[in-house]
Amino acid sequence: MLKEQLERMQHGLGFIAALDQSGGSTPKALRLYGIDETQYHNDEEMFDLIHEMRTRIITSPVFTSEHILAAILFENTMDRKICGEYSADYLWNVKGILPILKVDKGLAPLENGVQLMKPITNLDELLIKAKQRHIFGTKMRSVIKEANPQGIAEIVEQQFAIAHQIALAGFIPILEPEVDIHAPDKKECEVLLKEEIINHLSMLDDNIHIMFKLTIPDTPDFYRALMSDPHVVRIVALSGGYTRQEANDKLAQNHGLIASFSRALTQGLHIDQSDEDFNALLKTSITSIYEASIL
């Protein structure tokens, strides 16, 4: 990790583009883009198509470091090339955008109102490869569906334990304990989550630096106090199923919180659009998300 990269993530203006749909979420992303399951026959063909979609986004002339700080990739994308360079190298060398790697392997079944991460059995090997591919940071997601104190405590414990391992390997880990936007007690979930995060931050070694990717809270500026913790590089927000307009409106009420949107970023993009129409719509999305992120 370069000092320049850490400075950019800490103080730069912009947002994080989440382009890390993996095996389970790729078919839906492709359907929204205009490619259904009849147009590929196996995982390799599916991942070829999603890489073509991501390449079209990343190489677009409107996808620039003026508005975008970083992009989240998943392992298959990290191992592929864009315009002759590995994806992470293209992002940083050509675009000036930080590359981040999704490292989790999906969600475990619901228990105690939450879905923990499945075991990341190859994490050490994955981090070695990520270092070779010049990855800046990592991201890992789990989900909170109910205000269950035991379940939320388990989620935060798991997130911090793995983040510690990742930070010691030289990366900035992004912890993503997502609160489901449809949780009937979403506000209570966020109160419990914040309490657990504060407790774990107090136990971190001084040399450990982390980020959070959190659902936009019901209470404006609810996570602002966490931003001043010396361990916290940045806090970013996930769109969580909100439309782009909803996500932007909610984000704008949370000062210092920046976006890390996926569906809200790619909403409306379609394989059949001309490059002119594709780039125009992508520019509108990027500009609106950026403006909500810098308030």
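Refer to the structure presented above.
Residues numbered from 1 in each chain as written. Predicted model: local features only at pLDDT ≥ 70, side-chain atom pairs only at ≥ 80, totals over all residues. Heavy atoms only, no water.

Q: Break down the nonpolar core for me, citing the residues and quoting the values.
A: Side chains of a nonpolar character, in soluble globular proteins, are inclined to be buried together. Counting 83 residues, the largest nonpolar core has F63, F160, L193, L201, I210 and F212 as its most contacted members. In terms of residue count, helix α7 (residues 149–168) provides more of this core than any other element does, eight residues in total. Discounting chain neighbours no more than four positions away, the residues touching L201 are F160, I210, F212, L226, D229, H231 and V232. Judged by nonpolar contacts, the second largest core, of 16 residues, contains L98, F136, I174 and V236. (Core = buried A, V, L, I, M, F, W, Y, C linked by side-chain atoms within 4.5 Å. Buried < 20%, exposed > 50% of the residue type's maximum accessible area, 1.4 Å probe, protein only. Helix = DSSP H or I, 4+ residues; strand = E, 2+ residues; numbered from the N terminus. Contact = heavy atoms within 4.5 Å.)

Q: Talk me through the pattern of salt bridges; I want residue IDs and the actual numbers.
A: It is possible for side chains of opposite charge to pair when their charged atoms get near one another. For the structure on display, the rule yields 15 salt bridges. Ionic pairing is found between K139 and D20, a salt bridge with its closest N-O pair at 2.8 Å. With K139 in strand β7 (residues 137–144) and D20 in the loop between β1 (15–18) and α2 (26–33), this residue pair connects regions lying 119 residues apart in the sequence. The pair K139 / D20 is uniform in exposure class, with both members buried. By relative accessible area, which is 4% here, K139 ends up buried. (Salt bridge = Lys/Arg side-chain N within 4 Å of Asp/Glu carboxyl O.)

Q: If you had to explain the side chain of D180 to someone new, which residues and values would you point to?
A: Here D180 shows up in the loop between β8 (172–179) and α8 (186–201). On the basis of relative accessible area, D180 is assigned to the buried category, the value being 16%. Separated by 2.8 Å, the side chain of D180 and the backbone nitrogen of H182 make a polar contact. Apart from residues lying up to four places away in sequence, D180 is in contact with V143, I144, K145 and K186. (Polar contact = N/O pair within 3.5 Å; in protein donor to acceptor, adjacent residues only side chain to side chain.)

Q: Break down the pairing of strand β5 (residues 98–102) for me, with residues and values.
A: Most of β5 sits out of view: five of its five residues are buried. By the alternation rule, side chains of β5 split into L98, I100 and K102 and P99 and L101, which are all buried. In this sheet, β5 lies alongside strand β2 (residues 68–73) in parallel orientation, the contact comprising four bridges. Across the sheet, I72 pairs through a bridge with I100, a residue of β5. For β5 and β7, the ladder comprises three bridges, and the chain directions are parallel. Residue pairing across strands places L101 opposite T138, the latter belonging to β7. (Pairing = 2+ DSSP bridges.)

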